[in-house]
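Below are the chains, spelled out letter by letter.
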Amino acid sequence: MKSLMLTLMLVIVRGSAYAAENLPAQTIVIFNTAVPDSAALAKFYAEKRAIADDHVVGLDCPPEEEISREQYDTTVAEPLRKIFEERQWWRVHEAPDGDRRVQTLGIHFVALIRGMPLKIRPTTTPYPGDNPAGGGPVQGRNEASVDSELSTLGFFTRQISGVITNPYFQGFRPIAELTAAPLLLVTRLDAPESATVRRMITDAIEAEKNGLWGRAFVDGAHESSGGKEIGDAWMRAIVDQCHKEGVPVVFDDLPTVFPDAFPVSDCALYYGWYAGNIAGPFNQPGFKFVPGAVAAHIHSYSAATLRDENSGWAGPLVSRGAAATVGNVYEPYLELTAHLDVLNDRLLHGFTFAESVFMSSRVLSWMGVALGDPLYRPYLTWTQIDSKTPPKSAAGWRAYHDFAIKNSKLEPSDYRTQARIAAARTRNAAMMEDIGLMEMRDGKFPTAIAALEQARGAYSKRDDIIRCVLEECDAFIKSGKPNRALDLARRVLRIVPESPALNLLHKVESDLAPKPTPSVATPHY
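Residues numbered from 1 in each chain as written. Predicted model: local features only at pLDDT ≥ 70, side-chain atom pairs only at ≥ 80, totals over all residues. Heavy atoms only, no water.

Across its full length, the protein holds 16 helices and 17 strands. Its C-alpha radius of gyration of 25 Å places the protein within 12% of the 24 Å reference for a compact globule of 525 residues. The principal-axis extent of the C-alpha atoms belonging to the protein is close to 95 × 75 × 40 Å. Burial status across the protein gives 57% buried among its 525 residues. Contacts spanning at least 24 positions in sequence make up 76% of the contacts within the protein whose residues lie at least 6 apart. Here the protein displays about 22,700 Å² of accessible surface, and carbon together with sulfur accounts for 53% of that area. Taking the average place of the 55 positive charges on the side chains of the protein and the average place of its 63 negative ones, the gap between the two points comes to 6 Å. (Helix = DSSP H or I, 4+ residues; strand = E, 2+ residues; numbered from the N terminus. Rg over C-alpha atoms; globule rule 2.2 N^0.38 Å. Buried < 20%, exposed > 50% of the residue type's maximum accessible area, 1.4 Å probe, protein only. Contact = heavy atoms within 4.5 Å. Areas by Shrake-Rupley, 256 points an atom, 1.4 Å probe, with all protein chains shown as cover. Lys, Arg positive; Asp, Glu negative; His and termini not counted. Charge placed at Lys NZ, Arg CZ, Asp CG, Glu CD.)

And the structure:
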């Protein structure tokens, strides 16, 4: 009871904090007057989020994705500083020595609209006020994403080399409560196609109303060298976070992306690394995330361009149905890219997408970008004690979340026992599959196999059934019973309708089937 009361208090506090804020009044929308459709997209977003007309700003910028430092200063930074002062979005104090400091800030969220430049190329000529401090892999570099550079607009710094420490990193409070620095939370509504941007906006708003329901797919694939420990830690933390909230997780710890035909169904969250371009099941014809999905794949150049639906990861992920993602325009180094475990945790706690992104970013004036509605709160309903009943199709997902919250203090073995009972009673297949995968990761193969078999029997969709069969086969193999896995694969191949995912079962059969003994030629004398 004490634990339940504490949870309710946190829900009320978080809900009240946002209820007292008018987030649209803290938001500006910036578009490029030189790019057709940029103004229309800005107007569309502002209307959907009830953002005032005078908070929609048009800038005359180059239409290219990559611009020079001079172009950034003259077409983005300087005009915006002037507008901030004219519209009294901040109050600036100027010291006798000429140093300028923002004293009050009324804008916290910035939405850059498709058409705004994406990145600032490195400059080799001296920049007034800059100090490269001897060069080096970080301090000697001055290229950056427009978005990350713009977040420091109110810092009035001429230091373009290296990074600026983010005062909001690993925070856990709304941005309006940050008074230490005039930080702007910048994300962009951008994609290879304008129609995709419109869909990202509407999907985010609908998911906010009804809840983002589905499972998480976490890909533990990693580089063969460097960063392995960090990446593994992030991915395993995400798995634990999802389990605490009752979000089913499929975790792949093989050194490759999920196999091409792997059944990634009802995908609401995806986190992975480390492939150069979108790969695996995301390239299957017809693949789509659930509306409102958040998806991210770590790679140094995952957002080097947003104009190709097959290049990198950021553009392709939103083209395939995700509403939000993060990426990098140039090499960021792993520690200075978005910490996906922090990003996921803050989203699950009801923060906006922009807040979650910046709380997960160690530095500013660097390489990161975030695609998505800055005000999007995919798990807002989880922080509202009076949230409406989700759609009937989401009942199973909601039931698992409610169970996880109410039973979070149980010991793991007791939790899983109770979860299996509850899932079996309600035939909650996603919940049962998740419990089976937890048991398998702990090496408890008999209970894992039993749970996965129950989940398979409760599922009605072909690809969900095939995924459970693949997981059962894996459990049989890991428990030293390959013949059981072979028998199961063969039985299912005989009865399940054709599907690309069956290729994975054919591979199981091929790998496990006894190989014929090579015939020995009879010698002739």
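Once you've had a look at it, read on.
Before going further, it helps to examine the sheet that holds strand β7 (residues 119-120). Sheet strands line up and pair through hydrogen bonds in the backbone, either parallel or antiparallel. With mixed pairing, three strands are arranged side by side in an open sheet as β3-β7-β8. Bordering the open sheet on either side are β3 (66-67) and β8 (144-145), each of which pairs with just one other strand. When β7 meets β8, the two strands line up antiparallel, connected through two bridges. Across the sheet, the residue bridging to I120 is A144, located in β8. (Pairing = 2+ DSSP bridges.)

A separate point is the environment of S38. By secondary structure assignment, the location of S38 is in helix α2 (residues 38-48). What makes S38 buried here is its relative accessible area of 1%. Taking the C-alpha atoms as reference points, S38 and D190, 152 residues apart in sequence, are found 9.9 Å from one another. In this structure, S38 is in contact with F31, N32, I113, R114 and G115, ignoring residues within four places of it in sequence. Within the structure, the side chain of S38 is placed 2.9 Å from the backbone oxygen of R114, a separation counted as a polar contact. (Polar contact = N/O pair within 3.5 Å; in protein donor to acceptor, adjacent residues only side chain to side chain.)

Here we take up the confidence of the model for the protein. Summarising the model, the protein shows a mean pLDDT of 92, and 93% of its residues fall at 70 or more. In this model, residues 1-17 is a region of pLDDT below 50 whose contacts with residues beyond four sequence positions or in other chains number 14 contacts. (pLDDT = per-residue confidence, 0-100.)

With respect to the helices and strands, E65 occurs in the loop between β2 (56-59) and β3. One polar contact links E65 to T305, side chain to side chain, over a distance of 2.7 Å. Aside from chain neighbours lying at most four places away, what touches E65 is P117, L118, K119, A304, T305, L306 and R307.

So, on to the packing of aromatic side chains. Here the structure, examined in full by the defined rule, presents 16 aromatic pairs. Ring geometry for F282 against W313: centres 6.1 Å apart, planes inclined by 80°, an arrangement best described as edge-to-face. Placement of F282 in the loop between β13 (267-272) and β14 (294-297) and of W313 in the loop between β14 and α7 (314-319) is noted, with a sequence separation of 31 residues between them. A residue is classified by how much of its surface remains accessible, and W313, at 1% relative accessible area, is buried. Feature note: the residues Y270, F282, F287, F289 and W313 constitute an aromatic cluster, connected by ring pairs. (Phe/Tyr/Trp six-rings, centres within 6.5 Å; stacked < 30°, edge-to-face > 60°.)

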